[in-house]
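Architecture at a glance
This is what each chain is made of:
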Amino acid sequence: MSHNLVGAGDMYVHNTLVTLWKILMRHIHRIGYVAATLILLQIFPSQMAFRPLGNEVARGQTIEQRRKEAIRLNNLGVEQLEKSEYQEALKTFEQALAITKQIGDKATEGTILNNIGSVYDSLKQYPKALDYYQQALAITKQIGDKRGEGTILNNIGKVYHSLVQYPKALDYYQQALAITKQVGDKATENENRARYSL
């Protein structure tokens, strides 16, 4: 029986490449894919020529193709959620979430976590909904997505409203309203104002 063994030095280089790639992917919107690849080529020229940086490359897919697949799955999950196909939606969102984590796409990861929270909210599994909403909220704050932050704060407010915890619901609605004013989202601002009449 033949085994492909990787030496400790090779594993270190591979792990370093993967770590560097993940760091670069967090800043991809600033530097671009070409610049990120060039940076890694400068540091590890021979290793970059022969080693894939993750499963997406090994399967012949680029990170952008994987990102598009995650978005496609997310959109399918939204359709399933809208049809009340909750278990199917959860499976689809989980597939999309795995891809976003693999490629380091925080913005899409936050969106999908929010959508998973919406599934659990629809199922009246409020603790799970809050858990996913809180994870999504942390990501939106981390990446500075104010509009997403406002949406998620509003969703958390809805959960507390459903739990008849009106003071908490009002607190989250007020936070959401402040953000929607800040980003100039009039439609959501008016919706949040209406919630004050709990």
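The structure contained in this document is the topic of the report that follows. Starting from 1, residues in each chain are numbered consecutively following that chain's sequence as written. Thresholds applied to this predicted model are a pLDDT of at least 70 for local features of residues and 80 or more for the giving and counting of side-chain atom pairs; totals over whole chains, interfaces and linings are not thresholded and use all residues. By convention in this description, side-chain values take in all heavy atoms of the structure and omit both hydrogens and water.

Before going further, it helps to spend a moment on the overall build of the chain. Working definition: helices are DSSP H or I runs of at least four residues, strands are E runs of at least two. Numbering for both runs from the N terminus. Assigned secondary structure in the chain consists of 11 helices and 0 strands. Counting from the amino terminus, the chain carries its helices and strands in the arrangement α-α-α-α-α-α-α-α-α-α-α. Across the 198 residues that make up the chain, the buried fraction comes to 38%. For the area figures, the Shrake-Rupley method with a 1.4 Å probe applies, and any residue is considered shielded solely by the protein chains shown. Accessible area for the chain stands at about 11400 Å²; split by element, carbon and sulfur atoms hold 54% of it. Burial classes: relative accessible area under 20% of the type maximum marks a residue as buried, over 50% as exposed, and values in between as partly exposed (1.4 Å probe, protein chains only).

This paragraph deals with the pattern of salt bridges. For this document, the term salt bridge refers to a Lys or Arg side-chain nitrogen within 4 Å of an Asp or Glu carboxyl oxygen. One pass over the full model with this rule turns up 4 salt bridges. Here Glu-109 makes a salt bridge to Lys-106, at a shortest N to O gap of 3.6 Å. Note that Glu-109 and Lys-106 are positioned in helix α7 (residues 106-122) at a spacing of 3 residues, about one turn of the helix. Lys-106 gets classed as partly exposed once you look at its relative accessible area, which sits at 26%. Between Glu-149 and Lys-146 there is a salt bridge; the shortest N-O distance is 3.6 Å.

Further remarks concern the packing of helix α5 (residues 63-82) against α7. Inter-axis angles, ranging from 0 to 180 degrees, are taken between N-to-C directions of lines fitted to C-alpha atoms, where helices are fitted over the stretch in contact. The contact between α5 and α7 brings their axes to 11 Å, and the two run at 15 degrees. As the angle between them shows, α5 and α7 are arranged roughly parallel. Crossing of α5 over α7 shows left-handed handedness. Facing α5, whose interface residues are Ala-70, Ile-71, Asn-74, Val-78 and Leu-81, α7 presents Thr-108, Thr-111, Ile-112, Asn-115, Ser-118, Val-119 and Ser-122. Relative orientations are named as follows: roughly parallel for angles under 35 degrees, roughly antiparallel for angles over 145 degrees, roughly perpendicular for angles from 65 to 115 degrees, and oblique for any other angle. Handedness of a helix crossing follows the sense of rotation of the near helix relative to the far helix, less than a right angle counterclockwise being left-handed and clockwise being right-handed. In this analysis, two residues are considered to be in contact whenever any of their non-hydrogen atoms come within 4.5 Å of each other.

This brings us to the side chain of Thr-108. With respect to the element layout, Thr-108 can be found in helix α7. The buried category is assigned to Thr-108, whose relative accessible area is 11%. With residues up to four places along the chain from it excluded, the contact list for Thr-108 reads Ile-71 and Thr-100.

This paragraph deals with the nonpolar core. By nonpolar core is meant a set of buried Ala, Val, Leu, Ile, Met, Phe, Trp, Tyr and Cys residues that side-chain atoms within 4.5 Å join together. With 34 residues, the main nonpolar core has Ile-116 and Ile-156 as its most contacted residues. Those elements that place two or more of their residues in this core are α5, α6 (86-103), α7, α8 (126-143), α9 (146-162) and α10 (166-183). Here this core gets 8 residues from one element, more than from any other, and that element is α8. With residues near it in sequence (within four places) discarded, Ile-156 still touches Leu-130, Tyr-133, Gln-134, Leu-137 and Tyr-172.

Another aspect to go through is the environment of Gly-104. Among the structural elements, Gly-104 can be located in the loop between α6 and α7. Take Gly-104: its relative accessible area is 28%, and that puts it in the partly exposed class.

Another aspect to go through is α8. A helix's residues, less one, multiplied by 1.5 Å, set its expected span. The first and last C-alpha atoms of α8 sit 26 Å apart over 18 residues, in line with the 26 Å expected at 1.5 Å per residue. Every buried residue of α8 is accounted for by Tyr-126, Ala-129, Leu-130, Tyr-132, Tyr-133, Ala-136, Leu-137, Ile-139 and Thr-140. Positioned one or two residues after α8, Gly-144 has a phi angle of 75 degrees, which is positive.

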